Amino acid sequence: MNAQAPAFSDPRLNRPEPFSPRDGGLFQRDRAIHPPAYAPGYKSSVLRSPRQALLSLENSISEITGPVFGHNDLGPLDNDLIRNYAKDGDPVGERIIVHGRVLDETGRGVPKTLVEFWQANAGGRYRHKKDTYLAPIDPNFGGCGRALTDDTGYYYFRTVKPGPYPWRNFVNSWRPAHIHFSVFGSGFAQRLITQMYFEGDPLIPICPILTTIPDKDALDRLVAPLDLNASTPFDSLAYRFDIVLRGQRSTHFENRPEGN
Amino acid sequence: MPQPLDYLKETASQTAGPYVHIGLIPAMAGFDIFEKNFSNVLVTSNTAGERITLEGKVLDGSGTPLRDVLLEIWQANAAGRYNHPADRSAGVLDEEFRGWGRAGSDFESGLVTFETIKPGAIVDKAGRKCAPHVNVWIVARGINIGLNTRLYFSDEEAANAADPVLNLIEQQVRRKTLIATRSERAGKVVYSFTINLQGPEETVFFDV
């Protein structure tokens, strides 16, 4: 017999890595704060909601990894919706700054992650070939942008405040003013799409989409407060919107140079 | 009182809505705005691996294709390695392959396509080999929180039979909802899939 360590039948026992409580997996998603798939007050969900139980999957490398983006993916005006589609002037509407941090559930900022946003114009009309609302298209407003968070998870962009608009759910359903957000995080299982609403909007408590959220606090966290300190005098008001992605049982992976 | 736990709560999901294209694929909304755009083509001419087309539809509970759905895929390269710093496996990184793409369904047919390469098998944390697969994320109007599923490959029968995730699916009959079917069309390799949101053939979705 030589002095080699025994080869255990369970391959995990032969792993060379030392034990660590931080294996890179994500915190289990708390489904109670998210809207359920089937939410009949939002009629489109009825035929589009899975009915079988989701199969719970322990995170593998397929879920804790995700696409890496860099400044090379973006253009210089991508976070300026007042200028990124301007043809012969500025778009119509209330000029606003939206800013905040992308954090994870441990409170750490999520650096260098891609945040994308889109919205209707000040009259509540989307620049989309399927939107037929009678409010006019603004020739100087595209309605979309994107940003990469900095090392602390901070992002910001400039736009005009979107208007509310009617939609086909009940005969007289109106969406509160909102901005759609798409966020990546570092693992594909952190991927999230949500919507930001504006403090004080009377349509918030009666919106059939917002009220799919069963948890009052979770709903309130989608409402951005006016942030007068971040506004620019005689130019733009500001709203603050922090976004929290699932926490990771890991210190951050060593940052590799981005912008590659 | 014990010490408080100061974790934050995840931000609640909201539907991507019918106009998701504006933000994520503006060309499909009908306008051109960004210098650089993301697309359903994951490969460059220098990407290593077998070229494949993934082609499929997402069907609602009536069997009607969703024509406003958006899919994203995330996959390992041909050597079974993800282009991400957390993947320290032995496979060679391919700088010509990010491994991620997004596609909107055709507004008439509901067809979704990706041009990519067939991923290699990957090794999980326990050292087990996992069958080649593509991770899929689905958002649309009427979908309140993005749906996660996977696509496996019909010509990987032995690897699929041993795959630890496919084997987690208790009802054997449901495993086939994740298998894309290989065919060849005009010299191109096409893998076809159908994602059923409801019904007897409902696709297996994961709580990842």
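In this text, all values refer to a predicted model and were calculated from it rather than measured experimentally.

K.L.:
Describe the overall build of chain B, naming the residues involved and giving the relevant values.
P.N.:
On a plain count of helices and strands, chain B comes out with four helices and 11 strands. Compactness check: chain B gives a C-alpha radius of gyration of 18 Å against a globular reference of 17 Å for 208 residues, within 12% of the reference. Viewed in the frame of its principal axes, chain B has a C-alpha envelope of about 70 × 45 × 40 Å. Burial status across chain B gives 59% buried among its 208 residues. Nonlocal contacts in chain B, meaning residues at least 24 apart in sequence, comprise 67% of its contacts between residues at least 6 apart. Accessible surface, chain B: about 8500 Å² in total, of which carbon and sulfur atoms supply 51%.

K.L.:
Tell me about the side chain of A:His99, and name the residues and values.
P.N.:
Residues and elements named next belong to chain A. Checked against the element boundaries, His99 lands in strand 2 (residues 95-104). There is a polar contact of 2.8 Å between the side chain of His99 and the side chain of Asp227. Here His99 is in contact with Tyr154, Tyr155, Tyr156, Asp227, Ala230, Tyr239, Arg240 and Phe241, once residues within four sequence places are set aside.

K.L.:
Lay out the pattern of salt bridges with the relevant residues and their values.
P.N.:
Residues and elements named next belong to chain B. Considering all chains together, one arrives at 25 salt bridges over all chains under this definition. As a salt-bridge pair, Arg102 and Glu72 come within 3.0 Å of each other at their nearest N and O atoms. With Arg102 in strand 3 (residues 100-104) and Glu72 in strand 2 (residues 70-75), this pair connects stretches of sequence that are 30 residues apart. Exposure class is identical for Arg102 and Glu72. Each is buried. One connected set of salt bridges, linked through shared partners, spans Glu50, Lys118, Asp155, Glu156 and Arg182.

K.L.:
Residue-level account of the confidence of the model for chain B, with values.
P.N.:
Predicted confidence across chain B gives a mean pLDDT of 97, with 100% of residues reaching 70 or more. Confidence metrics for the complex model read pTM 0.93 and ipTM 0.97.

K.L.:
If you had to explain the sheet that holds strand 9 (residues 192-198) of chain A to someone new, which residues and values would you point to?
P.N.:
Residues and elements named next belong to chain A. With mixed pairing, five strands are arranged side by side in an open sheet as 4-3-8-9-10. Every other strand in the sheet has two partners, leaving strand 4 (144-148) and strand 10 (223-224) as the edge strands with one partner each. As paired strands, strand 8 (residues 178-183) and strand 9 are joined by six bridges and run antiparallel to one another. Residue His178 lies in a different strand from strand 9, and its bridge partner there is Tyr197.

K.L.:
Now, about the interface of chain B and chain A: what can you tell me, with residues and values included?
P.N.:
Taken together, the contact between chain B and chain A spans 75 residues of the former and 94 residues of the latter. When the buried surface of chain B facing chain A is broken down by residue, B:Glu10, B:Gln14 and B:Lys125 rank first, second and third, together holding 11% of it. Scanning the region where chain B abuts chain A turns up eight salt bridges. Residue B:Arg98 is joined to A:Asp73 by a salt bridge in which the shortest nitrogen-to-oxygen separation is 2.9 Å. Counting the contacts that link chain B with chain A gives 44 residue pairs in polar contact (both at pLDDT 80 or more). Listed by contribution, the elements that provide at least two residues to the side of chain B that touches chain A are helix 1 (20-24), helix 2 (26-29), strand 2, strand 3, strand 5 (122-123), strand 7 (133-139), strand 8 (147-153) and strand 11 (206-207) of chain B. Two strands pair when backbone bridges link them, and strand 1 (residues 55-56) of chain A and strand 11 of chain B are joined in this way by two bridges, in the parallel orientation. The residue of strand 11 of chain B that forms the bridge with A:Leu55 is B:Phe206.

K.L.:
An account of the side chain of B:Asn135 is needed here, citing residue identities and associated values.
P.N.:
Mapping B:Asn135 onto the fold places it in strand 7. Residue classification places B:Asn135 among the buried residues on the basis of a relative accessible area of 4%. Looking at B:Asn135, its side chain comes within polar contact range of the main-chain oxygen of B:Trp74, at 2.9 Å. Reaching out from B:Asn135, the side chain makes a polar contact with the side chain of B:Arg150 at a distance of 3.5 Å. Look past the residues within four positions of B:Asn135 in its chain and what remains in contact with it is A:Ser62, A:Glu63, A:Phe188, B:Glu72, B:Ile73, B:Trp74, B:Tyr82, B:Thr149 and B:Arg150.

K.L.:
Any chance you could break down unusual backbone geometry for me, citing the residues and the numbers?
P.N.:
We note that A:Phe234 has phi near 60°; this positive angle belongs to a residue other than glycine. By the element assignment, A:Phe234 lies in the loop between strand 10 and strand 11 (237-240). Residue A:Phe234 is classed as exposed on the basis of its relative accessible area, which comes to 92%. The phi dihedral of B:Ala186 falls on the positive side, at around 50°, and the residue is not glycine.

K.L.:
Please set out the environment of B:Phe31 residue by residue, giving values where relevant.
P.N.:
When you line up the elements, B:Phe31 lands in the loop between helix 2 and strand 1 (51-59). Relative accessible area serves as the criterion here: at 6%, B:Phe31 is assigned to the buried category. Setting aside anything within four residues of it in sequence, one finds B:Phe31 in contact with A:Tyr85, A:Arg127, A:Gly142, A:Cys144, B:Ile22 and B:Pro26.

The rules behind each value
Residues numbered from 1 in each chain as written. Chains lettered and ligands numbered in written order. Predicted model: local features only at pLDDT ≥ 70, side-chain atom pairs only at ≥ 80, totals over all residues. Heavy atoms only, no water. Helix = DSSP H or I, 4+ residues; strand = E, 2+ residues; numbered from the N terminus. Rg over C-alpha atoms; globule rule 2.2 N^0.38 Å. Buried < 20%, exposed > 50% of the residue type's maximum accessible area, 1.4 Å probe, protein only. Contact = heavy atoms within 4.5 Å. Areas by Shrake-Rupley, 256 points an atom, 1.4 Å probe, with all protein chains shown as cover. Polar contact = N/O pair within 3.5 Å; in protein donor to acceptor, adjacent residues only side chain to side chain. Salt bridge = Lys/Arg side-chain N within 4 Å of Asp/Glu carboxyl O. pLDDT = per-residue confidence, 0-100. Pairing = 2+ DSSP bridges. Buried area = accessible area lost by both parts, 1.4 Å probe.

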